[in-house]
Amino acid sequence: QNMAGAGHKCAQAVVDADGAAAVVAAMGDAADAEMLRACCGALWNMACGSDACKQVVVHAGGVAPGGVAAVVAAMARHAADAEVQRSGCGALQAMASGSDAWDACNQAVGADVAKARAKAVVEAMGGHATDAGVQLLGCDALLNMAGGSDASIQAVVGAGGALAVKK
């Protein structure tokens, strides 16, 4: 997690070494909340790199939406764990930030899956209403998720994102 968090060059080096694919593969086998929190954090750090890094993280594991799906699954597995929810919201926020990868991924998977991603953030915010970190990262994630196409905006609104932010 920390190697990818030391700046864009470090994130790029980790991505170039197939770090995102390795993290996504580890997440598929992990049941431990601490491991999943660290994996979400690693994907978050990698996605904070260049647009190329974001694309690799979003598609990690060879398919769209590898990294996205792994984070959403981790959040669902450990809905009661605020740290997993914080790391998951942060990872989704970074993946959706300022890149065409998010919209392209939404188009590839369809409206229902795009809405389910936003719903994961809405549920994290609802389940951890008093956790300032979950609230802040959740709002940022929803903002970035809605920042692209009309379909992306509809996915966030349809998932209850506008109401979650208002609360």
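For the structure itself, consult the block above.
Read on for an overview of the structure.

## Looking at the overall build of the protein chain
Helix and strand counts for the protein chain stand at 11 helices and 0 strands. Here the protein chain holds 167 residues, and 48% of them are scored as buried. When contacts within the protein chain are restricted to residue pairs at least 6 apart in sequence, those whose partners lie at least 24 apart make up 66%. Total accessible area on the protein chain is roughly 7600 Å²; 58% of this is exposed by carbon and sulfur atoms.

## Quick notes on helix α8 (residues 111–127)
Across its 17 residues, α8 extends 24 Å between first and last C-alpha, which sits within 8% of the 24 Å expected from 1.5 Å per residue. Considered for burial, the residues of α8 that qualify are Ala114, Arg117, Ala118, Ala120, Val121, Val122, Ala124 and Met125.

## Describing the nonpolar core
Core analysis: the largest hydrophobic core is formed by 44 residues, its most contacted members being Met27, Leu43, Val71, Leu92, Met95, Leu142 and Met145. Those elements giving two or more residues to this core turn out to be α2 (19–29), α3 (33–47), α4 (51–58), α5 (66–77), α6 (82–96), α7 (100–109), α8 and α9 (132–145). Per-element accounting of this core gives the leading share, 7 residues, to α3. In contact with Met145, not counting residues within four places along its chain, are Leu92, Ala96, Trp102, Arg117, Ala118, Val121, Ser152 and Val156.

## Describing the state of the cysteines
Within this structure, the stated rule accounts for 0 disulfides. Cys48 supplies the cysteine sulfur nearest to Cys53, a cysteine that is in no disulfide, at a spacing of 9.8 Å. Between Cys139, a free cysteine, and Cys89, which holds the nearest cysteine sulfur, the sulfur-to-sulfur gap is 9.3 Å. Owing to a relative accessible area of 26%, Cys139 belongs among the partly exposed residues under this scheme.

## Describing the environment of Ala74
Mapped onto the elements, Ala74 comes out in helix α5. Using a relative accessible area of 0% as the deciding quantity, one classes Ala74 as buried. Spatially, the C-alpha atom of Ala74 lies 7.5 Å from that of Met27, the residues being 47 residues apart in sequence. Aside from chain neighbours lying at most four places away, what touches Ala74 is Met27, Leu36, Cys40 and Val84.

## A look at α9
With 14 residues, α9 extends 20 Å from end C-alpha to end C-alpha; this agrees with the ideal 20 Å at 1.5 Å per step. Residues of α9 that are buried include every one of Val134, Leu137, Gly138, Ala141, Leu142, Asn144 and Met145, and no others. Buried residues in α9, looked at end-on, bunch into an arc of 160°, giving them a common side. More than 90 degrees from the buried face of α9, the exposed residues found are Ala132, Leu136 and Leu143. Between a side-chain oxygen at the N-terminus of α9 and the backbone nitrogen of Gly133 the separation is 3.0 Å; the capping residue is Asp131.

## Focus on the packing of α5 against α6
Put simply, α5 and α6 touch, their axes get as near as 9 Å, and they point 160° apart. The pairing of α5 with α6 is recorded here as roughly antiparallel in orientation. Remark: the crossing between α5 and α6 carries left-handed chirality. In contact with Gly67, Val68, Val71, Val72, Ala74 and Met75 of α5, α6 contributes Val84, Gln85, Gly88, Cys89, Ala91, Leu92 and Met95. Its residues placed into classes, the contact of α5 with α6 shows 10 nonpolar, 3 polar and no charged.

## A short note on the pattern of salt bridges
One pass over the structure, following the stated rule, counts 3 salt bridges. For Glu34, the salt bridge is made with Arg37, and the minimal N-O distance between the two is 2.9 Å. Note that Glu34 and Arg37 are positioned in helix α3 at a spacing of 3 residues, about one turn of the helix. Of the charged contacts, one joins Asp131 and Arg86 as a salt bridge, the two residues approaching to 2.6 Å between their closest N and O atoms.

The rules we used
- Every chain is numbered on its own, with residues counted from 1 as its sequence reads.
- Reporting in this predicted model follows two pLDDT cut-offs: at least 70 for local features of residues, and 80 or more for side-chain atom pairs to be given and counted; totals over whole chains, interfaces and linings ignore these cut-offs and use all residues.
- Side-chain metrics rest on all non-hydrogen atoms present in the structure, leaving aside hydrogens and water.
- A run of H or I in DSSP counts as a helix once it spans at least four residues, and a run of E counts as a strand once it spans at least two, with each numbered from the N terminus.
- Any residue under 20% of the maximum accessible area for its type is buried, any over 50% is exposed, and the rest in between are partly exposed; the area is computed with a 1.4 Å probe on protein chains only.
- Whether two residues are in contact is decided by their heavy atoms: any pair within 4.5 Å suffices.
- Using the Shrake-Rupley algorithm and a 1.4 Å probe, accessible areas are obtained, with residue cover drawn only from the displayed protein chains.
- A helix is expected to span 1.5 Å multiplied by its residue count minus one.
- Each nonpolar core is a collection of buried residues, namely Ala, Val, Leu, Ile, Met, Phe, Trp, Tyr and Cys, held together in the definition by side-chain atoms within 4.5 Å.
- Any cysteine sulfur atom paired with another within 2.5 Å is treated as part of a disulfide.
- It is the directions from the helix axis to the C-beta atoms whose arc is reported.
- Polar contacts, as used here, are pairs of N or O atoms within 3.5 Å; protein pairs need one atom able to donate a hydrogen and one able to accept it. Residues neighboring in sequence count only if both atoms are side-chain atoms.
- In this analysis, axes come from line fits to C-alpha atoms, helices being fitted only over the stretch in contact, and the angle between any two N-to-C directions falls in the range 0 to 180 degrees.
- For classification purposes, an angle smaller than 35 degrees is called roughly parallel, one larger than 145 roughly antiparallel, one from 65 to 115 roughly perpendicular, and anything else oblique.
- Each crossing gets its hand from how the near helix is turned against the far one by less than a right angle, where anticlockwise is left-handed and clockwise is right-handed.
- When residues are grouped by polarity, Ala, Val, Leu, Ile, Met, Phe, Trp, Tyr, Cys and Pro land in nonpolar, Asp, Glu, Lys and Arg in charged, and all others, Gly among them, in polar.
- The working definition used for a salt bridge is a side-chain nitrogen of Lys or Arg within 4 Å of a carboxyl oxygen of Asp or Glu.

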